[in-house]
Amino acid sequence: TAPQKPLLASPALATAPAAALSAPLAGHGAGVEPCSLLVLAITALVEREMSQPLSQPPLVCRTAGCSHCLVPPSRAATTISFHLPLERFVGAAVQRLAAARGGEEELAKVARAFSSEGLRHEGACGAEAEAAWLAAAEACPERAGLSAAGEAPRTAWWRRSAAEALLDGPLQLAAAAAAVEGNLWVRNGTAPRQQVHNYASTSPPLCRLMADPDRLPGQLGADLWACEAG
């Protein structure tokens, strides 16, 4: 099988999820290790968020302890979907690896495959976005930056870690489900509540196809976050 390191640096990973999803998780027929498939899927998650044009800076959010984090512009949207196919592929791969013999070692390989620096995305920044990029660079200098004034056009860059990409989707969806259950969407009729019911339903057990697989990438993201912090 191909070494793991090139998987993280390949510029073609933005088009790779379809091939990864069509490959068998067991990997015996295609000669693909499930560990490599999981690395490929996680990297595709990171690159999906970083495919946004740099004219749309990441949103600066304040977290507990007065620290800051950067949220991709696609995650700052108000629309919520209960369908996260790539995240659920990661969840299914984690589930099968954890149940397989030697799965803990394979998951440890996945954790070691990602550096704390994450992947870097850079390019030309338009004048209309300079103020937002300066705010992002000031709040998170280790995650974002802007080239010196006087350059035309100025170059912006930011980093995205695997832990952030794994956590964002499941946590955003969990927050949306909690808001619906907290009666914050009552003016939208019964449709949101029905969606949340189907998402987390245990009878019939639709949660096995939706809510449960979403928790696994969140747990893996939390583990990677702890490794990055340590």
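Residues numbered from 1 in each chain as written. Predicted model: local features only at pLDDT ≥ 70, side-chain atom pairs only at ≥ 80, totals over all residues. Heavy atoms only, no water.

## Notes on the overall build of the chain
Here is step 1 of the chain: From N to C terminus, the chain includes nine helices and five strands.
Here is step 2 of the chain: In the chain, the order of α-helices and β-strands from amino to carboxyl end is α-α-α-β-β-α-α-β-α-β-β-α-α-α.
Here is step 3 of the chain: Considering only contacts in the chain between residues 6 or more positions apart, those separated by 24 or more positions represent 69%. (Helix = DSSP H or I, 4+ residues; strand = E, 2+ residues; numbered from the N terminus. Contact = heavy atoms within 4.5 Å.)

## Here's the deal with the sheet that holds strand β5 (residues 154-160)
Here is step 1 of the chain: Pairing is antiparallel in the open sheet, where three strands are placed in the order β3-β5-β4. Bordering the open sheet on either side are β3 (119-125) and β4 (144-146), each of which pairs with just one other strand. Between one strand and the next, the sheet's axes are offset by a mean angle of 15 degrees, whatever the strand orientation.
Here is step 2 of the chain: Looking at chain direction, β4 and β5 are connected through three bridges and run antiparallel. Within the sheet, the bridge partner assigned to Leu146 lies in β5 and is Ala156.
Here is step 3 of the chain: Along the sheet, helix α6 (residues 130-139) contacts β3, β4 and β5; its crossing angle with β4, the most-contacted strand, is approximately 135 degrees. (Pairing = 2+ DSSP bridges. Axes fitted to C-alpha atoms, helices over the stretch in contact; angles between N-to-C directions.)

## Describing the confidence of the model for the chain
Here is step 1 of the chain: For the chain, mean pLDDT is 74; residues scoring 70 or higher make up 72% of the total.
Here is step 2 of the chain: Low confidence marks residues 1-31, where pLDDT is under 50. Its contacts with residues over four positions away, or in another chain, come to 41 contacts. (pLDDT = per-residue confidence, 0-100.)

## A few points about the packing of helix α7 (residues 162-181) against helix α8 (residues 191-200)
Here is step 1 of the chain: Between α7 and α8, whose axes approach to 9 Å, the crossing angle comes to 125 degrees. In terms of orientation, α7 lies oblique with respect to α8. The handedness of the crossing between α7 and α8 is left-handed. Side by side, α7 and α8 meet where Leu173, Ala177, Val180 and Glu181 of the first sit next to Pro192, Arg193, Val196 and Tyr199 of the second.
Here is step 2 of the chain: Looking at the contact of α7 with α8, its residues break down into six nonpolar, no polar and two charged. (Parallel < 35°, antiparallel > 145°, perpendicular 65-115°, else oblique. Left-handed = near helix turned anticlockwise from the far one by under 90°. Nonpolar A, V, L, I, M, F, W, Y, C, P; charged D, E, K, R; others polar.)

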